[in-house]
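The residues making up each chain are set out below.
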Amino acid sequence: MTRGHAYKLRSTTVLAVMKDGKCVMAADGQVTLGETIMKHKALKIRRMYKDSVLVGFAGAAADAFNLFERLEEKLEAYSGNLVRAAVELAKDWRTDKILRKLEALLLAMDREHMLVISGTGDVIEPDQSVAAIGSGGPYAQAAAQALVAHSSLDPAVIAAESMKIAASICLYTNDQITVCQLDE
């Protein structure tokens, strides 16, 4: 510990790609505590609501697991409507005294929507068919946007290659990559 500051457990870099009717999410496996790598093969993506939604997280792992559970409850309550579930989660997250302190971001996608959900009440649907969160997110997103626009690669390959690029640049992203695809 350093001068009164507790180390925080961090898990980073999740990427979502929609292309040619396919929906793919990828995440690295690194979890850090302060400046120490604690885990190399963490699973940061979950399937929810009858395997029709993919959700990934970046930030404090314990906080993210709490949010996963709450989003899953909202998806059940709103019959799998991702946008409605995300908005309701964001409302709770922003207004609840305890939830407000959670430090994580969620990236969620179904066959029609891709959403970034934050604790400040934001539910953002990007204009692009690519979105990313976490410390390596900007690198992964830039690589994926270029590959989507200028290649005929499959979205799963785009996601994996973009994550490898992010891992080569970002200290908090490794090359132990998990790629999940929504079934067609």
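Quick note: structure is the one above.
Notes on the structure follow. (Residues numbered from 1 in each chain as written. Predicted model: local features only at pLDDT ≥ 70, side-chain atom pairs only at ≥ 80, totals over all residues. Heavy atoms only, no water.)

With that out of the way, let us pick up the overall build of the protein chain. The number of helices and strands found in the protein chain is four helices and twelve strands. Over its C-alpha atoms the protein chain spans a radius of gyration of 16 Å, differing by no more than 12% from the 16 Å that the globule rule assigns to 184 residues. In terms of its C-alpha atoms, the protein chain occupies a principal-axis envelope of roughly 50 × 40 × 25 Å. Buried positions account for 46% of the 184 residues belonging to the protein chain. (Helix = DSSP H or I, 4+ residues; strand = E, 2+ residues; numbered from the N terminus. Rg over C-alpha atoms; globule rule 2.2 N^0.38 Å. Buried < 20%, exposed > 50% of the residue type's maximum accessible area, 1.4 Å probe, protein only.)

On the surface, a cluster of negative charge is contributed by Glu69, Glu72, Glu73 and Glu76. Tracing the chain through its elements places Glu72 in helix 1 (residues 61–77). (Patch = residues over 30% accessible without salt bridge, like charges linked within 9 Å, V, L, I, M, F, W, Y side chains within 5 Å. Areas by Shrake-Rupley, 256 points an atom, 1.4 Å probe, with all protein chains shown as cover. Salt bridge = Lys/Arg side-chain N within 4 Å of Asp/Glu carboxyl O. Lys, Arg positive; Asp, Glu negative; His and termini not counted. Charge placed at Lys NZ, Arg CZ, Asp CG, Glu CD.)

The buried fraction of strand 8 (residues 104–109) amounts to five of the six residues, a majority that puts the element mostly inside the structure. For strand 7 (residues 53–59) and strand 8, the ladder comprises six bridges, and the chain directions are antiparallel. The residue bridging Val55 from the neighbouring strand is Ala108, located in strand 8. The pairing of strand 8 with strand 9 (residues 114–117) spans four bridges and is antiparallel. Bridge pairing in strand 9 places Leu106 opposite Ile117. Here strand 8 folds back onto strand 9 in antiparallel fashion, the turn holding four residues. (Pairing = 2+ DSSP bridges.)

Such coordinate-based values are descriptive only and should not be taken to indicate function.
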